[in-house]
Each structure stands twice: as C-alpha cells, then as structure tokens.
Amino acid sequence: MAYKRKARILFLGGLHPVPPNLAAHYANRLGAEWMEARATVLPGVAGDVPVLGEAAVEWADLLVTLDAVANAACPPLRPGLQHRHYPFEPLPSGTDKPAWTTLAGRIRERVEGMIGGMRLMQQAALDDDGL
C-alpha cells in the first residue's frame, strides 16, 4: 500500500539561507514522488527564505536542522513531528564559489539518501501488501 500523502519536510537553517533553500529545491525536484519540502530560517538570517513560524512547524512531518545554531533553536516537537540534524558546517565564505559548489553537492547527496530511504519504505510496504 502506498503512502496516503507525500512526507512534508521542513529544512531549517540558522546561519545562512542557502543550505535550507538548496535542500528544499533538491527534495522537491528529485523526490517529488515521495516528499514536499519547504525552506525556513531562524529570525535574523538575511535573505528571501521565510522565517520559521508556527504554521510551518504545524505543516511539517519532519524538521531537518542544517547547522548547530538551527539545532540549538529547534522548536518543541509536537506529537508526530520528527527531527533530524544534518549539519553542513562550516559554511564557505561568500566568495568561495568552489566551496559552495561542494556544499551544494553534499546537500544533494543527503537529500538523495532521504529519497532512497523513502523508496525502500515504499517497496517494503508494497512487499507486505503482497503477503
């Protein structure tokens, strides 16, 4: 039996808007069959990524913190909301394009790992239905 709806994943950054934005982008692009993702940041992080709010936390099934600051500021988890911490630190300087490219690759690999896990869970559910 397939899942009733896509998993809702909220990526939270506390240092910079790029990591959560990239993670949400890759999740939505590569894992659209299994997940729906949004990017958020903590208050005070400059950029055009939305600031973490109560509505975003209520929407999510999984909150993924992407740095130590976000992890330390993780909001209380309501029943049913899971938390994972995938740190992507230290962040490169603003002018180090090769380092940002490497970071983007690391984020993509982590998201691909999440997608792989969802594929395995879906396959296991399908296998169980055949019994």
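Everything below is about the structure shown above.
As the structure is a computational prediction, the values presented were derived from the model and not from experiment.

The rules we used
- Residues numbered from 1 in each chain as written.
- Predicted model: local features only at pLDDT ≥ 70, side-chain atom pairs only at ≥ 80, totals over all residues.
- Heavy atoms only, no water.
- Pairing = 2+ DSSP bridges.
- Helix = DSSP H or I, 4+ residues; strand = E, 2+ residues; numbered from the N terminus.
- Axes fitted to C-alpha atoms, helices over the stretch in contact; angles between N-to-C directions.
- Buried < 20%, exposed > 50% of the residue type's maximum accessible area, 1.4 Å probe, protein only.
- Lys, Arg positive; Asp, Glu negative; His and termini not counted.
- Salt bridge = Lys/Arg side-chain N within 4 Å of Asp/Glu carboxyl O.
- Polar contact = N/O pair within 3.5 Å; in protein donor to acceptor, adjacent residues only side chain to side chain.
- Right-handed = clockwise from strand over helix to strand, strands pointing away.

Caption draft 1: Region of interest: the sheet that holds strand β3 (residues 62-65). Strand order in the open sheet made by the 4 strands is β2-β1-β3-β4, with parallel pairing throughout. Looking at which strands have only one partner, the edges of the open sheet turn out to be β2 (35-41) and β4 (82-85). Each strand of the sheet is rotated relative to its neighbour by a mean of 20 degrees, with strand direction disregarded. Relative to β2, strand β1 (residues 7-13) runs parallel, the two sharing 7 bridges. Note that in β2 the partner of Gly-13 across the bridge is Val-41.

Caption draft 2: The side chain of Asp-67, seen in detail. Within the secondary structure, Asp-67 is located in the loop between β3 and α3 (68-72). The charged side chain of Asp-67 is buried without a salt bridge, its nearest counter-charge being Arg-106 at 11 Å. Within the structure, Asp-67 has its side chain in polar contact with the backbone nitrogen of Gly-14 (distance 2.8 Å).

Caption draft 3: Structural context of the side chain of Thr-65. Tracing the sequence through the fold places Thr-65 in strand β3. Within the local environment of Thr-65, its side chain forms a polar contact with the side chain of His-85, the two groups lying 2.8 Å apart.

Caption draft 4: Fine view of unusual backbone geometry. That bond from Glu-89 to Pro-90 is cis: its omega, -5 degrees, falls within 30 degrees of zero. When you line up the elements, Pro-90 lands in the loop between β4 and α4 (97-129).

Caption draft 5: Quick peek at the pairing of β2. Of all 7 residues that make up β2, 5 are buried, and the element is covered over most of its length. Viewed along the sheet, the connection from β1 through helix α1 (residues 18-30) into β2 turns out right-handed.

Caption draft 6: The pairing of β1, seen in detail. Summarising burial for β1: 6 of the 7 residues are buried, a large majority. Bridge count between β1 and β3: 4 bridges; the pairing is parallel. Across the sheet, residue Leu-10 finds its bridge partner in β3, namely Leu-63.

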